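Each chain is listed here by its residues.
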Amino acid sequence: MSESLLELRNVSIRYRTGRGHVSAVEDVSLQVPTGASIGLVGESGSGKSTLALALMRLLPQNAEVTGEMIFAGENLVTKTESQLSKGWRWRKLAMVFQKSLAAMSPVHRIGQQMEDVLTIHEPHLTKPEREQRLHDVLTSVRLPNRVLRAYPFELSGGMMQRSMIALGLLCNPPFLIFDEATTALDVITQTQILKEIERLKAEYNLTTIVISHDVGVINAVTDTVAVLYAGQLMEVAPRETFFSNPQHPYSQALISSVPRLRGEKTRLAGIPGSLPDLTNPPQGCRFAPRCPHATEGCLAVTPPLVEVAPGHLVRCTDIPLREVVA
Ligand SMILES: Nc1ncnc2c1ncn2[C@@H]1O[C@H](COP(=O)(O)OP(=O)(O)O)[C@@H](O)[C@H]1O
Ligand code: SF4
Ligand SMILES: [Mg+2]
C-alpha cells in the first residue's frame, strides 16, 4: 500500500430538520491508502451512508458538511457541482447504493441507463465503444448481455446487485464505495457477491470502502475496519487485530453478537439499548448509555481517538482495556 488516495480531515455532517440539527457524522478523520479496502461498520443509523453520500457529494439539501475530504490531492468539499459532474463523480469515485432497486429508474431498460451514464461522463466515446464498454463490464460481473434489455423489476436480487456493481465500474473509477451491497440478498447470493467484490478489487485495481452493519461482511472483504457509532469513529484497526483483539466495548459487542458456525456454542450477547438521539447527543462518550464499563468520568468529556498500537486507534478513556469478550 502507498500514500492515501483519500483522506478525511475532521469531517462533520449535520442535517437541518424541524426537530433541530441531527449530528449524523462528528469529527471523522480517516486515511484510505491507495489499494486499501476499508470496512465501515456500525448499526443502522450510525452515519455510514451519510459519510458515503458526502464523498459522492450527493447529500440532500438539508445537509451541511464541514472539514476536508481530500481525494487525489483535491478537496471534494469545495468542488462545484459542475466540476464534480465533469470528471469526478463516477469517473474517479463511484458508489454501489444501499437500495439498488430504488437507485435505478424503473421505467428505463438497464442498458439505456448505463449508456446514459457513459454518454454524460465519457462523451468522447463512440457508440461502438460504449457498447463494447457495456459488454466488458457485464462480463466482469458475470452477467449475460440480455440484462441490457431488461427493466430493473425483471431481475433477481442478485442480478440487480451485479447490475449496480457494473454501473459503479462503468467509467473505470479507481475508488468504489459499496454501501450495504449484500444486505438485501439471501445468504448464498450474498456469499457469491462478496467473492465477486474480492475478485473485482484485484481486476480493477480498486481502492474501496465497504459499508455494512454486518461484521461478517466486513471480515470477508476488507483489510482495515473502521467502527462508526452515533456518527463518531470508535475504533480503527487492521482487520486481523480488530477481530482478534477488539478494544472498544462497542466493537466487542458487535463481534460477540455474530453467531458462530464452528466451535463451542456460546450465547449471543446482542447490544442492549439503542443509538442516542442525534439531535441531542449525550455529553461525553456517545456510547456511555449502553456501555457496561461506563463510569462517571465517561459522561464528562468526549474521549479522544487514541493510537494504542501502530494503525490501531480507539476512542475510550478506559485504556488499556479489558480482556476480549467475544
Ligand atoms: N435526509 C435526512 N434528514 C435528516 N436526518 C437524516 C437524513 N438522512 C439520514 N438522517 C439521519 O442521520 C443519521 C445517520 O443516518 P445514515 O447515514 O443513513 O446511517 P446508516 O447508513 O449508518 O444507517 C440517522 O440518525 C438518520 O436518521
Ligand atoms: S469511554 Fe467509558 S462509556 Fe465510553 S466506551 Fe469507554 S468505558 Fe465505555
Ligand atoms: Mg445506510
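On a predicted model such as this, the values are computed, not experimentally measured, just so you know.

Each value, and the rule that gives it
- Residues numbered from 1 in each chain as written.
- Chains lettered and ligands numbered in written order.
- Predicted model: local features only at pLDDT ≥ 70, side-chain atom pairs only at ≥ 80, totals over all residues.
- Pairing = 2+ DSSP bridges.
- Helix = DSSP H or I, 4+ residues; strand = E, 2+ residues; numbered from the N terminus.
- Axes fitted to C-alpha atoms, helices over the stretch in contact; angles between N-to-C directions.
- Near = placed C-beta within 6 Å.
- Nonpolar A, V, L, I, M, F, W, Y, C, P; charged D, E, K, R; others polar.
- Parallel < 35°, antiparallel > 145°, perpendicular 65-115°, else oblique.
- Left-handed = near helix turned anticlockwise from the far one by under 90°.
- Contact = placed C-beta atoms within 7 Å.
- Expected span 1.5 Å × (residues − 1).
- Buried ≥ 20, exposed ≤ 12 C-beta atoms within 10 Å, placed from the backbone.
- Arc of directions from axis to C-beta.

Draft legend 1. Just the sheet that holds strand 9 (residues 224-229), in detail. Across the sheet, eight strands lie side by side as 6-7-8-3-9-10-12-11; this open sheet has mixed pairing. Edge positions in the sheet fall to strand 6 (93-96) and strand 11 (306-309), since each has one partner strand and no second. Averaged over all adjacent pairs, the angle separating strand axes in this sheet is 25°, with direction ignored. As judged from the four bridges shared by strand 3 (residues 37-41) and strand 9, these two strands associate in the parallel manner.

Draft legend 2. Seen up close, the site of ligand 2. Around ligand 2, the structure places P249, C285, F287, A288, C291, H293, A294, C298, P303, C316, T317 and D318. Considered class by class, the residues forming the shell around ligand 2 number nine nonpolar, two polar and one charged.

Draft legend 3. Structural detail: the packing of helix 4 (residues 110-121) against helix 5 (residues 127-140). Taken N-terminus to C-terminus, the directions of helix 4 and helix 5 make an angle of 120°; their axes are 10 Å apart at the nearest point. Judged by the inter-axis angle, helix 4 sits oblique to helix 5. Helix 4 and helix 5 meet at a crossing whose hand is right-handed. Together, G111, M114, E115 and L118 of helix 4 and R130, R133 and L134 of helix 5 make up the contact between the two elements. For the contact of helix 4 with helix 5, the per-class residue count stands at three nonpolar, one polar and three charged.

Draft legend 4. Spatial organisation of helix 5. Compared with the 20 Å implied by 1.5 Å per residue over 14 residues, the 20 Å span of helix 5 between its first and last C-alpha is a close match. For helix 5, every residue scored as buried is listed here: L134, V137 and L138. Down the axis of helix 5, the buried set is contained in an arc of 100°. They therefore lie on one face. Exposed residues pointing more than 90 degrees away from the buried face of helix 5 are listed as P128, E129, Q132, H135 and T139. Check the buried side of helix 5 and you find it contacts helix 4 and helix 6 (157-169). At the exit of helix 5 stands R142, carrying a positive phi of roughly 60°.

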